[in-house]
Amino acid sequence: MKNIHRLKTISQAHKFMGLDKPKHPLVSVFYHENMYSNKEMIEKNVAADMYLIIYKMHSDASFGYGRNTYDFQEGTMMFLKPGQVISIPEWEFNDSDGGWSLMVHPDFIRKSPLGEHMDDYSFFSYDVHEALHLSEDEKQIMADLRDKIIKEYSLNIDKHSQKLIIGSIEQMLDYCTRFYDRQFYTRENLNKDLVSKFEHLLKKYYSTGMALKQGVPTVKYCGNELNMSGNYLSDLLKKETGRNAQDHIHYFVIEQAKSKLLNSSDTVSEIAFDLGFEYSQYFSRLFKKKTGVTPAEYRNVN
C-alpha cells in the first residue's frame, strides 16, 4: 500500500487530525467531533505506532457482519494495534454524536503487567467488519472508563497516575473481552453454521489436492476463505467448540493421516507429503504429539 502516513507519537497524531496538543504524551482520548475534516487527511492511508480503540456512536451497514445485521445499534468499537494500516474514510471520524477514540503508545504500558499480555487481547487483530457492537449498558461502562482515563491524565501527573490509567485501560479491555463473549453467544446459530462451513472447507481443501500445492492449510487461509480474520475465526471456534482454529486443522490432519496409515501401503513420508508437509519429520512430530505414538507405531498396533 503506497502513500502511507506514519504517526509515531501521540503529538503527531493530534497535529495530523487537527486536534489541540495532547495533555499526556503517551495516552489520549479524543472526540471525533473535535477533528476537522480536511481533504489531505481523508485521502491518506495511516499507520499509527499506537494502540487505538475507536468508538462510533451509531452503527452503519458498512460495518456489518457479512450479510447479517448487528446485535445492537447503540454503538460500535474497533481495535487497531501499532503499525496497522487503515484508510481514514473507514474510520468515519467526522460524526458529531459522541464518537471517541483512545490512543495508547506502547511505551506507556511496556513495563506493566498489561504490556506483557496485550497480545492476549486478540480482537486487536480482527478485521473492521468484526467490530464489537455494544448494548446501551455496555456503552455506559465504556464511557465511564473513558472518563476515568481523561480525568486522571488531566490532573497533575504524579507517581500514581500511570498505574491508575493503565488499570482503567486494562479494565476496558477486559470488559471488551466479556462483551465479545456475549456477541459470540448471541450469534450462536450463525456460529454453528460457520463451524460447518469451516469443516467443509478443510474437506474440500484435501479432496481437491490443495495440500499438494500449498501445504497444510493455515489459519489465515481458512479465515480469508470464510471472509474473516484468522484471529476472529480462531476465537469464534474456541468459544463454540472449545478448540481454536489451529487445533481443528491439526485434528483434521491427524484423522486423515490415521485413515491413510490403516487403509494404504503408502510410506509415512508419502503420507506426510500428501497431507501437505514439506518434511516428514514435522508430520511425525505432530502425529506423536497428538496421539502419543509415532505414525509407524500407530500402523503396527492397529
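Refer to the structure presented above.
A short tour of the structure in this document, coming up. Everything numeric here is computed off the predicted structure, so don't read it as measured data. (Residues numbered from 1 in each chain as written. Predicted model: local features only at pLDDT ≥ 70, side-chain atom pairs only at ≥ 80, totals over all residues. Heavy atoms only, no water.)

The tally for this structure, following the rule as stated, stands at 20 aromatic pairs. Note on phenylalanine 123 and tyrosine 180: the rings are 5.5 Å apart at their centroids and 20 degrees apart in plane angle, and the pair reads as stacked. Residue phenylalanine 123 is located in the loop between α5 (113–116) and β8 (132–134), and its partner tyrosine 180 is located in helix α7 (residues 161–186); the two are separated by 57 residues in the primary sequence. Both residues of the pair, phenylalanine 123 and tyrosine 180, belong to the buried class. Taking the centre distance of 5.4 Å and the plane angle of 80 degrees together, the rings of tyrosine 279 and tyrosine 282 count as edge-to-face. Counting every residue linked through ring pairs, the aromatic cluster contains Tyr51, Phe79, Tyr121, Phe123, Phe124, Tyr126, Tyr180, Phe184 and Tyr232. (Phe/Tyr/Trp six-rings, centres within 6.5 Å; stacked < 30°, edge-to-face > 60°. Helix = DSSP H or I, 4+ residues; strand = E, 2+ residues; numbered from the N terminus. Buried < 20%, exposed > 50% of the residue type's maximum accessible area, 1.4 Å probe, protein only.)

Moving on: the sheet that holds strand β2 (residues 27–31). In spatial order, the strands read β2-β7-β4-β5-β8; together these 5 strands make up an open sheet with antiparallel pairing. Two strands bound the open sheet, and with one partner strand each, they are β2 and β8. This sheet shows a mean twist of 15 degrees between the axes of neighbouring strands, independent of strand direction. By the bridge criterion, 3 bridges tie strand β5 (residues 75–80) to β8 in an arrangement that is antiparallel. The partner of methionine 77 across the bridge, within β8, is leucine 132. Each of β2, β4 (51–56), β5, β7 (100–104) and β8 touches helix α6 (residues 136–154); the most contacted strand, β2, lies at about 125 degrees to it. Seen against the sheet, α7 touches β2, β4, β5, β7 and β8 and runs at an angle of roughly 90 degrees to β8. (Pairing = 2+ DSSP bridges. Axes fitted to C-alpha atoms, helices over the stretch in contact; angles between N-to-C directions. Contact = heavy atoms within 4.5 Å.)

Between the first and last C-alpha of helix α14 (residues 280–291) there are 16 Å, a value that for 12 residues agrees with the 16 Å anticipated at 1.5 Å per step. Where α14 is concerned, the buried positions are Phe283, Leu286 and Phe287. Summarising the axial view, the buried residues of α14 lie within an arc of 100 degrees, below the 170-degree limit, and thus occupy one face. Exposed and facing more than 90 degrees away from the buried side of α14 are Arg285 and Lys289. Contacts made by the buried residues of α14 are with α12 (245–263), α13 (268–274) and α15 (295–301). Positive backbone phi, approximately 90 degrees, marks glycine 292, located one or two places after α14. (Expected span 1.5 Å × (residues − 1). Arc of directions from axis to C-beta.)

Counting buried residues along β7, 5 of its 5 residues qualify, which places the element largely inside the surrounding structure. Looking at chain direction, β4 and β7 are connected through 5 bridges and run antiparallel. The residue of β7 that forms the bridge with tyrosine 55 is tryptophan 100.

Following the sequence through the fold, serine 161 ends up in helix α7. Beyond its immediate chain neighbours, meaning those up to four positions away, serine 161 contacts Glu152 and Asn156.

Residues Met77, Leu102 and Ile169 are the most contacted members of the largest nonpolar core, which totals 67 residues. Tallying contributions element by element places α7 first for this core, with 9 residues. Among residues more than four places away in sequence, those in contact with methionine 77 are Ile53, Ile54, Tyr55, Trp100, Ala131, Leu132, Leu134, Met142 and Cys176. If you look at the next biggest cluster of nonpolar residues, it comprises 18 residues, including Leu7, Ala13, Leu52 and Ile86. (Core = buried A, V, L, I, M, F, W, Y, C linked by side-chain atoms within 4.5 Å.)

Our next topic: the environment of isoleucine 169. Counting through the fold element by element, isoleucine 169 comes out in helix α7. Separated by 60 residues in sequence, isoleucine 169 and isoleucine 109 have C-alpha atoms that sit 9.7 Å apart. When sequence neighbours within four positions are dropped, the list of residues in contact with isoleucine 169 reads Val27, Leu102, Val104, Phe108, Leu114 and Ile149.

Two orientations exist for strands paired in a sheet by backbone hydrogen bonds: parallel and antiparallel. Taken in spatial order, the 3 strands line up as β1-β3-β6 in an open sheet, and their pairing is mixed. The open sheet terminates on both sides in strands that have one partner only, identified here as β1 (4–7) and β6 (85–87). Taken pair by pair, the neighbouring strands of this sheet meet at an average axis angle of 30 degrees, ignoring direction. Sheet topology places strand β3 (residues 45–48) next to β6; 3 bridges connect them, and they run antiparallel. By the bridge assignment, valine 46 is partnered in β6 with isoleucine 86.

The volume enclosed by the second largest pocket comes to roughly 280 Å³. Together, 14 residues line the second largest pocket, and His14, Asp20, Val29, Phe30 and Asn34 are the ones closest to its centre. Top contributing element to the lining of the second largest pocket by residue count: β2, with 4 residues. Taken together, the residues that form the lining of the second largest pocket break down as 7 nonpolar, 4 polar and 3 charged. (1 Å grid on protein atoms, 1.4 Å probe; cavity = no way out; pocket = protein on both sides within 12 Å on 5 of 7 lines; lining within 4 Å. Points joined across faces, edges and corners; volume = space filled by probe spheres on them. Nonpolar A, V, L, I, M, F, W, Y, C, P; charged D, E, K, R; others polar.)

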